[in-house]
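Below, each chain spelled out in residue letters.
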Number of protein chains: 4
Amino acid sequence: MASDQPKDWRFKLHEVIYESNTPAGKAFDIGLLIAIFSSIIVVMLDSVVSIHLRYGKLFNITEWIFAALFTIEYILRLVSIRKPIRYVFSPLGIIDLIALLPSYLSIFFIGAQSLLVFRALRLLRVFRIFKLGHFLTEINFLTQALKNSVRKISIFLLTVLTITVILGSIMYLVERRENGFSNIPESIYWAIVTITTVGYGDISPITPLGKFVASVVMLIGYAIIAVPTGIITHDIAVAARQKKELPESCPSCSREGHDSDALFCKYCGSSLFK
Amino acid sequence: MASDQPKDWRFKLHEVIYESNTPAGKAFDIGLLIAIFSSIIVVMLDSVVSIHLRYGKLFNITEWIFAALFTIEYILRLVSIRKPIRYVFSPLGIIDLIALLPSYLSIFFIGAQSLLVFRALRLLRVFRIFKLGHFLTEINFLTQALKNSVRKISIFLLTVLTITVILGSIMYLVERRENGFSNIPESIYWAIVTITTVGYGDISPITPLGKFVASVVMLIGYAIIAVPTGIITHDIAVAARQKKELPESCPSCSREGHDSDALFCKYCGSSLFK
Amino acid sequence: MASDQPKDWRFKLHEVIYESNTPAGKAFDIGLLIAIFSSIIVVMLDSVVSIHLRYGKLFNITEWIFAALFTIEYILRLVSIRKPIRYVFSPLGIIDLIALLPSYLSIFFIGAQSLLVFRALRLLRVFRIFKLGHFLTEINFLTQALKNSVRKISIFLLTVLTITVILGSIMYLVERRENGFSNIPESIYWAIVTITTVGYGDISPITPLGKFVASVVMLIGYAIIAVPTGIITHDIAVAARQKKELPESCPSCSREGHDSDALFCKYCGSSLFK
Amino acid sequence: MASDQPKDWRFKLHEVIYESNTPAGKAFDIGLLIAIFSSIIVVMLDSVVSIHLRYGKLFNITEWIFAALFTIEYILRLVSIRKPIRYVFSPLGIIDLIALLPSYLSIFFIGAQSLLVFRALRLLRVFRIFKLGHFLTEINFLTQALKNSVRKISIFLLTVLTITVILGSIMYLVERRENGFSNIPESIYWAIVTITTVGYGDISPITPLGKFVASVVMLIGYAIIAVPTGIITHDIAVAARQKKELPESCPSCSREGHDSDALFCKYCGSSLFK
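Residues numbered from 1 in each chain as written. Chains lettered and ligands numbered in written order. Predicted model: local features only at pLDDT ≥ 70, side-chain atom pairs only at ≥ 80, totals over all residues. Heavy atoms only, no water.

## Overview of the overall build of chain A
Along chain A, the regular secondary structure elements total 10 helices and 0 strands. Reading chain A from its N end, one meets helices and strands in the order α-α-α-α-α-α-α-α-α-α. For chain A, buried positions account for 50% of its 274 residues. Residue pairs at least 24 apart in sequence account for 52% of intrachain contacts in chain A once pairs closer than 6 positions are excluded. (Helix = DSSP H or I, 4+ residues; strand = E, 2+ residues; numbered from the N terminus. Buried < 20%, exposed > 50% of the residue type's maximum accessible area, 1.4 Å probe, protein only. Contact = heavy atoms within 4.5 Å.)

Right under this line is the structure:
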């Protein structure tokens, strides 16, 4: 009985910190998110010179309070589970540590405090909260569709990168150093800026031939933007069909996955409409 | 009988001002839209310095005439319905009031007249007119599709915003103040400019590492633009299917999915119109 | 018999000039396109100062030769059909006349020759040639899909324009004259540049609030680009389904338009598979 | 027996160099890709002035080593097949030769070494490696979808080019030389920059009328970007359907469209595997 008590206490703490489907857990998650959000706002404002000069000291104190809070949270996360090492090396655990370290590093190294911006990574926790309620279905749905697309999108991005290396190199030969295309990596950067239709204009072609090549790059970029869109649209449709097909099940063998126009079960051959 | 008369008068006025499926109501709506449009053109032209210097006085008079017209319209809207308070706090009512106030505020406060630009909000009334006739189906259709997408698009925009906060913060560390990334909010602004492929070029990376990070941001932006497109395309297809499927189901086998021009059920062959 | 001869001659000429499914007609169309293309190249090159200084006289002579050729072509078009007035007021006829006039106007007005650029409009004839052979189906298909989209796309563009008027006006209040937003039309121009993700950077926000509003405009533009894409994708799918359904026809009543999974004719109720 | 030996030796070499489904062949392909990649990195770094000044000599030696390696590879490719002339004139063979020549040309012509950037073309070999394993299906799938789209996309690009020629020419008349639109080809370049939503801002309209025309160009570009997307999305869906439908047709009723996991025909209920 006595040995159960620490387990109970750990179990309750675990429920509050790690689970988010209980009132206490949800409250904790929302509170944590507000803390993360506020601490990021402070880091942001502190980076603005004029505000830093006026409120720098106040921000310094606030940041230490946040550091203390997040340290306590991190320790609680460690003690509330049986295998703390698992959390430490989980993606969220690594992010939490990265977000925690800069405050302590700044004692030893000047400038390390600017690494506090990595606290922004913790914003990703926002999706844990949204996973509750009505958003859950939508997030699962989108995640499923994007998972199906990952491989196709990577082939696409690889092709785009190869094209930008080739076109960037050609452009380096065409425009030469004096027109801003000072080396091949710079020219590839220009090709990416152009093919993605961002177009800063910090580097832009000057010679007629360069403008012609640039036009080709732009039209390629304009036409192939359609490819990832087509891929994801298709995979969303596929994910939607799978989601939709789930409820229908065969009255004989109770297996699922039949087309909406099927008359007989495709697994056991008996009629779907008895 | 005598007590009915004011009701009749109010009813008729209501029909003209609020309804748009009668000839009088339609004429009123079109007239109102022309007035709104003209008043906005006047505000626009008055903002151009050279035109203001020549026609400033004329514009001033015109604006007061429009102010008077819209005030009368507002009063008529109030008296022609039983519960005027409802209109006042309806979205269109609030817009009408916001569009009305600047003219009167400019008597007391210098510069308040520039708030007249909010009259542009009244342009949204244009959709009331288009709701008539053949456009009605299309508008309903698009509205339905977009309503289905709202939740998914907001998850998407939230993800994009989180990414821009993280990437913007990283870029602030990489490029530093002297290269235009003067603080974190500014860097996040840059990340939004880049990820949306707008690319003004007012802030652009200068260091090689910064250009590398920027390239990653651009490629992310180029690939994930596909997500909202996929979502909306899918929801348009779903909305189209629902519109199409709604009217028919076979009275014999109760199966759905018949074309709008079908006379017999395509599954059991019995007539759809018993 | 004698009275038939001019008719024959006109008929043959008509076939060569207006039809493009005979060898002679196709050759004429291709020859005409080459002439149009060459004449545009000449106008283009002549607009480049350095080339104009060297070859200006040669270009002048060439342009007069093209003008003579196109005049002869225009006259032949008039005489080879019974009702020439129809051609004159047809879209292609008006374009042909617009392309013809500048050469003659330049005799009386200096500078009118620069209107020769309108000859570029004749490039639209290229689609007449492509209408032949395998491209015909694709062009019809795309035209059908786009025709279905026109109304929805115009509602979309109207919404975008209303948004740009409102956001442009707000931006004019936020950024003021000294930051480049010199008047409301200019601010609306900026809003269009931003919402379409073009982003020249000739006008860009300077104040923090302006940058915030701009970010909102960009994210709106980034999200709603999906709408026309969704519309056109859907209408292409619909057009494809209609095209696909054409071949299948009922063996009893020979009516078409059955779904690919239909078992019975939806018009007469008899089996589709006898 | 003796005559077989060289054949065996050639056969084995062929397997290593040309095939990639054996361990040796795969290792060769990956090794080759690493060599190509490294040689491109060297060319890239050598183009950066500051790095060239420090490591120029080292890079020079490395480039000659790579040249020797690729020459050996080219010779091995020639000797390991019966008809070497076929390889020489195949697309990959031409690319390999183009990538090889600059090293040797640089002995005779100063500056020819900069043509080494064409070695980037060899990066296209990366797709040979990805053709193995799980990526094969995806690549085939995407290639099929894009093949179907080629014709439609070219009609689209032709239309866009015609529009840019017309709009560019009009803009040349509207803005004139002094505002940066120095000749018609330049104006067409601007129109392409604008319609593809790249928007460098190196040339941008200055007069009110020019800004109006530019706004029209942008909105056109914003609306028609949807067309290639719609086309490709549709063709991806078609390719997906074909892939899915290919393997199965019911042996009883010969109807197709069964899922890949179906055991019984969904139309007649008989087993799909008799």
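## Focus: empty space enclosed by the protein
Applying the stated criterion across every chain yields a total of 14 cavities of 30 Å³ or more. In terms of lining, the largest cavity is formed by 18 residues, of which the most central are Ile225 of chain A, Ile225 of chain B, Thr197 and Ile225 of chain C together with Ile225 of chain D. (1 Å grid on protein atoms, 1.4 Å probe; cavity = no way out; pocket = protein on both sides within 12 Å on 5 of 7 lines; lining within 4 Å. Points joined across faces, edges and corners; volume = space filled by probe spheres on them.)

## So, the packing of aromatic side chains
What characterises a pair of aromatic rings is the spacing of the ring centres plus the angle enclosed by the ring planes. Under the counting rule described, the total for this entry stands at 24 aromatic pairs over all chains. For the ring pair Phe156 of chain A and Tyr222 of chain B, a centre distance of 6.1 Å and an interplane angle of 25 degrees mean the geometry is stacked. Of the two residues, Phe156 of chain A is situated in helix 7 (residues 135–175) and Tyr222 of chain B in helix 9 (residues 208–224); the pairing between them involves two chains. Per residue, the accessibility class of Phe156 of chain A equals that of Tyr222 of chain B, and both read buried. (Phe/Tyr/Trp six-rings, centres within 6.5 Å; stacked < 30°, edge-to-face > 60°.)

## Quick notes on helix 9 of chain B
Its 17 residues give helix 9 of chain B an end-to-end C-alpha distance of 24 Å, which sits within 8% of 24 Å, the value for a rise of 1.5 Å per residue. For helix 9 of chain B, the set of buried residues is Gly210, Lys211, Val213, Ala214, Ser215, Val217, Met218, Leu219, Gly221, Tyr222 and Ala223 of chain B. (Expected span 1.5 Å × (residues − 1).)

## Considering the confidence of the model for chain A
When the pLDDT values of chain A are averaged, the result is 79; 80% of them are 70 or greater. Across the assembled chains, the prediction reports ipTM 0.79 with pTM 0.82. (pLDDT = per-residue confidence, 0-100.)

## As for the environment of Asn179 of chain A
Residues and elements named next belong to chain A. Residue position: Asn179 is located in the loop between helix 7 and helix 8 (184–195). Asn179 gets classed as buried once you look at its relative accessible area, which sits at 17%. Each C-alpha atom of the pair Asn179 and Thr207 lies 8.5 Å from the other, and the pair is 28 residues apart in sequence. Discounting residues that sit within four places of it in the chain, Asn179 has contacts with Ser204, Ile206 and Thr207. Within the local environment of Asn179, its side chain forms a polar contact with the side chain of Glu175, the two groups lying 2.8 Å apart. (Polar contact = N/O pair within 3.5 Å; in protein donor to acceptor, adjacent residues only side chain to side chain.)

## A short note on the packing of helix 9 (residues 208–224) of chain A against helix 8 (residues 184–195) of chain D
When two helices pack together, their arrangement is given by the angle between their axes and by how far apart the axes lie. Between helix 9 of chain A and helix 8 of chain D, whose axes approach to 9 Å, the crossing angle comes to 25 degrees. Viewed along their axes, helix 9 of chain A and helix 8 of chain D adopt a mutual orientation that is roughly parallel. The chirality of how helix 9 of chain A crosses helix 8 of chain D is left-handed. Here Lys211, Ala214, Ser215, Met218, Leu219 and Tyr222 of chain A of helix 9 of chain A lie close against helix 8 of chain D, whose contacting residues are Glu186, Tyr189, Ile192, Val193 and Ile195 of chain D. Here the contact of helix 9 of chain A with helix 8 of chain D is built from residues that sort into 8 nonpolar, 1 polar and 2 charged. (Axes fitted to C-alpha atoms, helices over the stretch in contact; angles between N-to-C directions. Parallel < 35°, antiparallel > 145°, perpendicular 65-115°, else oblique. Left-handed = near helix turned anticlockwise from the far one by under 90°. Nonpolar A, V, L, I, M, F, W, Y, C, P; charged D, E, K, R; others polar.)

## A short note on the pattern of salt bridges
By the definition in use, this model includes 15 salt bridges over all chains. Here Asp96 of chain C and Arg77 of chain C are joined by a salt bridge, their closest N and O atoms 3.9 Å apart. Here the residue Asp96 of chain C occupies a position in helix 5 (residues 91–108), and Arg77 of chain C occupies one in helix 3 (residues 49–79), the gap between them amounting to 19 residues. As far as the burial class goes, Asp96 of chain C and Arg77 of chain C line up, both buried. Lys152 of chain C is paired through a salt bridge with Asp235 of chain C; the nearest N and O atoms lie 3.2 Å apart. Remark: Asp235 of chain C occurs in helix 10 (residues 226–245) and Lys152 of chain C occurs in helix 7 (residues 135–175); sequence separation between them is 83 residues. Here Lys152 of chain C and Asp235 of chain C have matching classes, each one buried. Each member of the salt-bridge network shares a partner with another, and the members are Glu73, Arg77 and Asp96 of chain A. (Salt bridge = Lys/Arg side-chain N within 4 Å of Asp/Glu carboxyl O.)

## Re the packing of helix 3 (residues 49–79) of chain A against helix 5 (residues 91–108) of chain A
Residues and elements named next belong to chain A. Where helix 3 contacts helix 5, the axes come no closer than 10 Å and their chain directions differ by 140 degrees. Compared by their axis directions, helix 3 and helix 5 come out oblique. The two elements helix 3 and helix 5 meet at a crossing, and its hand is left-handed. In contact with Trp64, Ala67, Phe70, Thr71, Glu73, Tyr74 and Arg77 of helix 3, helix 5 contributes Gly93, Asp96, Leu97, Leu100, Ser103, Tyr104, Ser106 and Ile107. Counted by class, the contact of helix 3 with helix 5 contains 8 nonpolar, 4 polar and 3 charged residues.

## A few points about a nonpolar patch on the surface
Residues and elements named next belong to chain A. On the surface, Trp64, Leu97, Leu101, Tyr104, Leu105, Ile107, Phe108, Phe109 and Leu115 cluster together into a nonpolar patch covering about 840 Å² of accessible area. Residue contributions to the nonpolar patch peak at 6 residues, all from helix 5. Position of Phe109 among the secondary structure elements: in the loop between helix 5 and helix 6 (126–130). (Patch = residues over 30% accessible without salt bridge, like charges linked within 9 Å, V, L, I, M, F, W, Y side chains within 5 Å. Areas by Shrake-Rupley, 256 points an atom, 1.4 Å probe, with all protein chains shown as cover.)

## So, the UniProt feature "transmembrane region" (unreviewed entry) in chain A
The UniProt feature table records "transmembrane region" (unreviewed entry) at residues 30–49, 61–80, 92–118, 153–174 and 212–233 of chain A. End C-alpha to end C-alpha, residues 153–174 of chain A measures 31 Å, and it is 100% helix and 0% strand. (UniProt positions renumbered as here; feature names shortened; annotations may be inferred.)

## Details of the side chain of Glu186 of chain C
With respect to the helices, strands and loops of the structure, Glu186 of chain C is situated in helix 8 (residues 184–195). Here Glu186 of chain C is in contact with Gly180 and Ile203 of chain C together with Lys211 of chain D, once residues within four sequence places are set aside.

## So, a positive patch on the surface
Taken together, the side chains of Arg241 of chain A, Arg241 of chain B, Arg241 of chain C together with Arg241 of chain D make up a positively charged region of the molecular surface. Relative to the elements of secondary structure, Arg241 of chain A occurs in helix 10 (residues 226–245). Residue Arg241 of chain A is classed as partly exposed on the basis of its relative accessible area of 41%. (Lys, Arg positive; Asp, Glu negative; His and termini not counted. Charge placed at Lys NZ, Arg CZ, Asp CG, Glu CD.)

## With respect to the nonpolar core
By size, the foremost hydrophobic cluster in this structure holds 255 residues, and its most contacted members are Trp190 of chain A, Trp190 of chain B, Trp190 of chain C together with Trp190 of chain D. Those residues in contact with Trp190 of chain D that sit more than four places away from it in its chain are Tyr200 of chain C together with Met171, Phe181, Ile203, Ser204, Pro205, Ala214 and Val217 of chain D. (Core = buried A, V, L, I, M, F, W, Y, C linked by side-chain atoms within 4.5 Å.)

## A word on the side chain of Ser215 of chain B
Along the polypeptide, Ser215 of chain B turns up in helix 9. Once you skip the residues sitting within four places of it in the chain, Ser215 of chain B turns out to touch Tyr189 and Ile192 of chain A.

## Section: the environment of Leu76 of chain C
Residue and element names in this part refer to chain C. The topology assignment puts Leu76 in helix 3. By relative accessible area, which is 30% here, Leu76 ends up partly exposed. Other than its neighbours up to four places away in sequence, Leu76 contacts Leu13 and Ile17.

## Looking at the environment of Lys211 of chain C
Of note, Lys211 of chain C is situated in helix 9 (residues 208–224). Look at Lys211 of chain C and you get buried, because its relative accessible area is 10%. In this structure the C-alpha to C-alpha distance between Lys211 of chain C and Glu175 of chain C, which are 36 residues apart in sequence, comes to 9.3 Å. Filtering out sequence-adjacent residues up to four positions away, Lys211 of chain C remains in contact with Glu186 and Tyr189 of chain B together with Glu175, Pro205 and Ile206 of chain C. One polar contact links Lys211 of chain C to Glu186 of chain B, side chain to side chain, over a distance of 2.8 Å.

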